[in-house]
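# Secondary and tertiary structure notes
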Amino acid sequence: MALQEPTFLILTSLAQGRKHGYALIKDAAELSGGRVTLRVGTLYAALDRLCTEGLIAASGEEIVDGRLRRFYDLTEEGAASLSDEVTRMRSLASKAHTRLSERPGLAFA
Amino acid sequence: MSIAVRTAIRLHPLAWRKRYADEVLGTLQDVADDHHGGRIPLTESVPLGIRGLWLRARSSISFWAGLVVVGLLIGCAATVDVEYLDGSLIDVLLRVNTGLGYSLPVLAAAAGWAGARARRAQIVGARERLRQLGAETWPLVAFTAVGYIIAVVVVVVRGGLMWMPVASLFIVLAQWAMILVAFAIGQLLGAVLPRVLVIFAAPAATWFFAGLLFTSQTAWNIAPQGFYRGIAFVFDVEPYTRVYLIAGIVIAASVLVVTVRPFWAKLLPVAVLAVVCSLVSVQPAPPPYQVAAVERSRAELVCSSIEPVVCLWPEQEAAFGPSLRAQMAEAYAVAGTLGLPVDSPGPGSVARYAMTGLPHPDDNWENASELGLGTVGFGPDDLLPLYAYTMTSCCWQEPTVGDGEYSAVSYAASILLGVPPERALPAVVDPYTGQRNFEPSGVPDRKAAQTLVHDWLTDGVNGVRPPD
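Quick caveat: nothing in here was measured; it's all calculated off a predicted structure. (Residues numbered from 1 in each chain as written. Chains lettered and ligands numbered in written order. Predicted model: local features only at pLDDT ≥ 70, side-chain atom pairs only at ≥ 80, totals over all residues.)

Check the secondary structure of chain B and you find 18 helices and five strands. For chain B, the residues scored as buried account for 38% of the 468 residues in total. (Helix = DSSP H or I, 4+ residues; strand = E, 2+ residues; numbered from the N terminus. Buried ≥ 20, exposed ≤ 12 C-beta atoms within 10 Å, placed from the backbone.)

Structure representation (structure tokens):
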């Protein structure tokens, strides 16, 4: 099943390495070109669900300026899921690309 | 930390809070520092709170049971008969009883399920257990309250509402007491039984109580008279009420004790057994005042042999029979002189006025259209105005005039028959308080009374019932 966009962005962000909550919010915004701003409620609902599904796992915590930061990391299962999603999206994008190329009058690289 | 953020986090389930609360707070502060000048905006805290509410709700059977309760309340309110709704608030509230009656077993089952889950969680500490109990049941309470309000609105929209000075909110207290009893039953059973059994046992036990809500007559009668009379009426009419109340108190106390001291749960079967035994052992008995009214035979009545025939109970006959008969004969003559539509005293005509309440043949209750319950305790001064009242009511043909004028005609007729004005109002004695309740009359003096009676005779002569 296709991943929802916030989930995809979180997994993609964690593919680079472990991150804490706020770093994920910032990275998701950057990955989406500023289009997606994850709310804190949305982020932690997704993190909780992904932990339960075993796609990510907590990976240590630290206190910075009196604030608790828990780090999350991608699991093997999560990496596989992200890879499947990338393959699916790539395949879909390829088909779209082919059909658009065949469309007369549209210059598509 | 702002109240909004604190509330948003508190709305989440306990397990979530233990795991994520500090971390989420830190992340919220990071977001606030970088984008909102250090203040956590509502655009973050409100969605967080809503999500917490949803997380808490969907993990609780109370949430789903609450939806069922709302459906029952609204469904019944939308279909209950409002044809005879009199427009008073109390009547509107009574129409909600049907939905509540069906909801109680659902409430009990959900409370039982929650109680069983709380027991299995083996939480340490009374405060924590109470907190758990509250967390498990609040969606149910909230949904019930919302459903109750919507049901009232639905009934009002369907049947209308007007202000009448008879509404008593006692019925609301009674309804919510029943809801709490349902909760208590569920929690109690949940504390000792497995969940699989609780969801059957709790509704079955609660259905026993729910029957009270369907006897809307009880609530209707207690409504105008206030709290004391309400309690007295319920005790009097419903023979099981004392047992219900005792059982309710025992159950509520047991739930509290078991919640605070789980060890005592071992004694709960004894308490349950005691309640069941008391429920089984108590036999329904006719309420005290009904015994006097219902079980007397008409054959006991002592009737005079001369016109007008007046029938009295033996004790009334002994106390004031002769003087009353003389008074009635005089009034009868006055009525004839004035042209009031009474039976003419004379050979062959028999006018019977039984001066007491008599059971109605259909339902064994007193026939209120004759002389009502209160006459049992009346003396001679009360009987003459009631005679006038009966006289006018016996000859009435609906719907010539309204109740107010009917009452006024009775009053006026009483005055013309020689009854002192202060005693001329039709009255009934409240069987519980002994208080005399008089029907209001708009007749200021004797002249007005004569005019009223004259007009009534002129307009209503065609409605006069022929002598029996």
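Another aspect to go through is the interface of chain B and chain A. Listed as interface residues are 14 residues of chain B and, on the opposing side, 12 residues of chain A. Listed by contribution, the elements that provide at least two residues to the side of chain B that touches chain A are α2 (14–35) and α3 (42–58) of chain B. (Contact = placed C-beta atoms within 7 Å.)

For the rest of this paragraph, the subject is the sheet that holds strand β3 (residues 67–74) of chain A. Residues and elements named next belong to chain A. The sheet built from three strands is open, its strands ordered β1-β3-β2 with antiparallel pairing. Whereas interior strands pair on both sides, the edge strands pair on one side only; in this sheet they are β1 (19–20) and β2 (56–64). Of the pairings in the sheet, the one linking β1 to β3 comprises two bridges and is antiparallel in character. Bridge pairing links H20 to F71 in β3. Here helix α1 (residues 5–15) sits on the sheet and contacts β1, β2 and β3; the angle it forms with β3, its principal contact strand, is near 90 degrees. (Pairing = 2+ DSSP bridges. Axes fitted to C-alpha atoms, helices over the stretch in contact; angles between N-to-C directions.)

Residues and elements named next belong to chain B. When pLDDT is averaged along chain B, the result is 66, and 47% of the positions lie at 70 or above. For residues 285–295, every residue scores under 50 in pLDDT, and the model assigns this stretch 16 contacts once sequence neighbours within four places are set aside. Contacts from residues 460–468, a stretch scored under 50 in pLDDT, to residues over four places away or in other chains number 14 contacts. Here the complex is predicted with pTM 0.47, and the ipTM for its interfaces comes to 0.86. (pLDDT = per-residue confidence, 0-100.)

Right, let's talk about the nonpolar core for a bit. Grouped burial of nonpolar side chains is what soluble globular proteins tend to show. Residue and element names in this part refer to chain B. Ranked by size, the top nonpolar core spans 48 residues in total, and within it L107, A182 and A202 carry the most contacts. Mapped onto this core, the elements with two or more residues apiece are α4 (61–79), α5 (89–95), α6 (97–121), α7 (126–159), α8 (170–192) and α9 (195–214). The element that contributes the greatest number of residues to this core is α6, accounting for 12 residues. Among residues more than four places away in sequence, those in contact with A202 are A108, A109, A111, G112, I185, G186 and L189. (Core = buried A, V, L, I, M, F, W, Y, C linked by C-beta atoms within 7 Å.)

A positive phi angle is found at A:D65, which is not glycine, with a value near 55 degrees. Structurally, the position occupied by A:D65 is in the loop between β2 and β3.

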